[in-house]
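Topology and contacts: notes
Here's the letter readout for the chains.
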Amino acid sequence: MAAALMAAVTDEGPHRIWGLCATIGYAVATILAAGPSSRLRRAAPFVAAVGAAVVPMMWLVVHRQGQLEVDVVHHSGVLLLQTGSPYLPEPSQLEDYNPYLPAMALFGLPYALLGDSPVADARWGFALVFGLALAVAARVAVGHCAPRALALLAAFPLLALPLASGGIDLPVTALMCLALATAAVGRPAKTGLAAGAAAAMKWTAWPVLVVALVLLAVRRGGRAASGAGAVAAVVLVVLTVPSFLASPGAFVEHVLRYPLGAGQVASPAASPLPGHLIATLLPGGRPLALVLLAWAAVAIAVALVTRPPRTLLAAADRLAFALAVAICLAPATRFGYLLMPLTIAAWFRLHSSPTNVRGSSMSVGYLFNRFE
């Protein structure tokens, strides 16, 4: 229903293509899921994922269509290769702005090297890192990755649409899941690598640095958490400082002023969530929204210290809650950002038996087992 409605009402070409493809994919998957054959029922999530994510993504890539964020990453890759900084020194229009941290530009390097070719599209990199990082996180956490769980996730509209048309948040989200999984099993170096890489792509990933280190401290002690923090800091420095030094003013304009609404061009992120409504409808609303966001961050940090998560699922829930609150209270926000907390809260619950998520005693298999 959501896909058909999107195709009917949107004025965005890529979204219409996604809606048409996804509607067919969901319809066929529904027929298979309702059929008498258990083999066809098991195939339903894969059919839905192909129809809702794979087919529209391939069509849009071949026809050079997608959301603005894809072009931003492509151009940032070109700038990074040519100047050492992925940011234009004097942005004057929306298309000139790159609000992502420097590591995101790495996905644009194939475009910078190969030109405007379908094989160089950043969406291949987004999808590859998304799938691989989630699969590794599941193997670390439960000993295996269920392909049907990945298909279910990819078929969900909130993830299928960005997989096909954009995808900026997908690799960041998957790396956050990987950081939590490695922290839960006590692997400080890998936790630092995953958390640092995610944090070097987007500001929204920075809460994972706190949650993963707290979980690691609870399970392995302060020394392990300190080691992971040191690794994450090194990764952040290596991936961000060179771009900052190459053009400090551009860095500040793109990744600080612009997301806060203080840039020369206003951000188009304007979904009617509480933070945006407060910022736009109340006198002095933007500072008020930022104050509320800061208060929420402090409250969540205090809760982490006073009642730290002791299991993977508890840590995932804390991180998902923190991200959801931040998304809802941010002055410039989009509904699509909610894919991050949704994925983090759901991924480990889509796997296996009630007790084999390592470091957890909660039941996590009930949802996935319904599709067996």
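Residues numbered from 1 in each chain as written. Predicted model: local features only at pLDDT ≥ 70, side-chain atom pairs only at ≥ 80, totals over all residues. Heavy atoms only, no water.

1. Brief notes about the overall build of the chain
So the rule is basically this: For the purposes of this entry, the term helix denotes a DSSP run of H or I that reaches at least four residues, the term strand denotes a run of E that reaches at least two, and both are numbered from the N terminus. We compute the radius of gyration from the C-alpha atoms alone; for a globule the expected value is 2.2 Å times N to the 0.38, where N is the number of residues. Exposure classes here rest on a 1.4 Å probe applied to the protein chains alone. A residue is buried below 20% of its type maximum, exposed above 50%, and partly exposed in between.
Counting its secondary structure elements, the chain contains 18 helices and zero strands. Taken against the 2.2 N^0.38 rule, which gives 21 Å for 372 residues, the C-alpha radius of gyration of the chain at 21 Å falls within 12% of a compact globule. Taken over 372 residues, the chain has a buried fraction of 49%.

2. Brief notes about the environment of Leu293
To keep things clear, this is the line we draw: Contacts are assigned to residue pairs with any non-hydrogen atoms lying within 4.5 Å of each other.
Along the chain, Leu293 turns up in helix H15 (residues 285-306). When neighbours within four sequence positions are excluded, Leu293 is seen to be in contact with Ala326, Leu329 and Ala330.

3. Overview of the packing of aromatic side chains
Condition: Aromatic pairs are defined between Phe, Tyr and Trp rings, using the six-membered ring for Trp, whenever the two ring centres lie within 6.5 Å; interplanar angles under 30 degrees are classed as stacked, those over 60 as edge-to-face, and all others as tilted. For a lysine, the NZ atom is tested; for an arginine, the CZ atom; a charge sits over a ring if that atom is within 6 Å of the ring centre and within 35 degrees of the ring normal.
This model, assessed by the stated rule, comprises five aromatic pairs. Their ring planes at 90° and their centres at 5.8 Å tell us that Tyr87 and Phe251 sit as a pair that is edge-to-face. Within this pair, whereas Tyr87 is found in the loop between helix H4 (68-83) and helix H5 (109-114), its partner Phe251 is found in helix H13 (residues 248-257), the two being separated by 164 residues in sequence. Residue classification places Tyr87 among the buried positions, given a relative accessible area of 2%. Ring pairing ties together the aromatic residues Tyr87, Phe244 and Phe251, which thus form one cluster. Its guanidinium or amino end placed over the ring of Tyr337, Lys202 lies 5.1 Å from that ring's centre, counting from NZ or CZ.

4. So, the packing of helix H8 (residues 157-165) against helix H17 (residues 339-347)
This is how the line gets drawn: To define axes, lines are fitted to C-alpha atoms, for helices over the stretch in contact only, and angles between the resulting N-to-C directions are given on a 0 to 180 degree scale. Between 65 and 115 degrees an angle is taken as roughly perpendicular, under 35 as roughly parallel, over 145 as roughly antiparallel, and anywhere else as oblique. A clockwise turn of the near helix away from the far one marks a right-handed crossing, whereas an anticlockwise turn of less than a right angle marks a left-handed crossing. Each residue gets one label: Ala, Val, Leu, Ile, Met, Phe, Trp, Tyr, Cys and Pro are nonpolar, Asp, Glu, Lys and Arg are charged, and the others, such as Gly, are polar.
Taken N-terminus to C-terminus, the directions of H8 and H17 make an angle of 120°; their axes are 10 Å apart at the nearest point. In terms of their interaxial angle, H8 and H17 are classed as oblique. Considering only the axes of H8 and H17, their crossing is left-handed. Side by side, H8 and H17 meet where Leu158, Leu159 and Pro162 of the first sit next to Leu339, Leu342 and Thr343 of the second. Partitioned by chemical class, the residues of the contact of H8 with H17 number five nonpolar, one polar and no charged.

5. Digging into the pattern of salt bridges
Pairing between side chains of opposite charge can happen when their charged atoms approach one another. Worth spelling out the cut-off: When a carboxyl oxygen of Asp or Glu lies within 4 Å of a side-chain nitrogen of Lys or Arg, that pair is called a salt bridge.
Following the criterion strictly, the structure yields five salt bridges and no others. The shortest N-O distance in the salt bridge between Arg64 and Asp116 comes to 3.3 Å. Of this pair, Arg64 sits in the loop between helix H3 (38-62) and H4 while Asp116 sits in the loop between H5 and helix H6 (122-142), and the two are 52 residues apart along the sequence. For Arg64, a relative accessible area of 44% corresponds to the partly exposed category. Looking at Asp116, the relative accessible area reads 51%, which means it is exposed.

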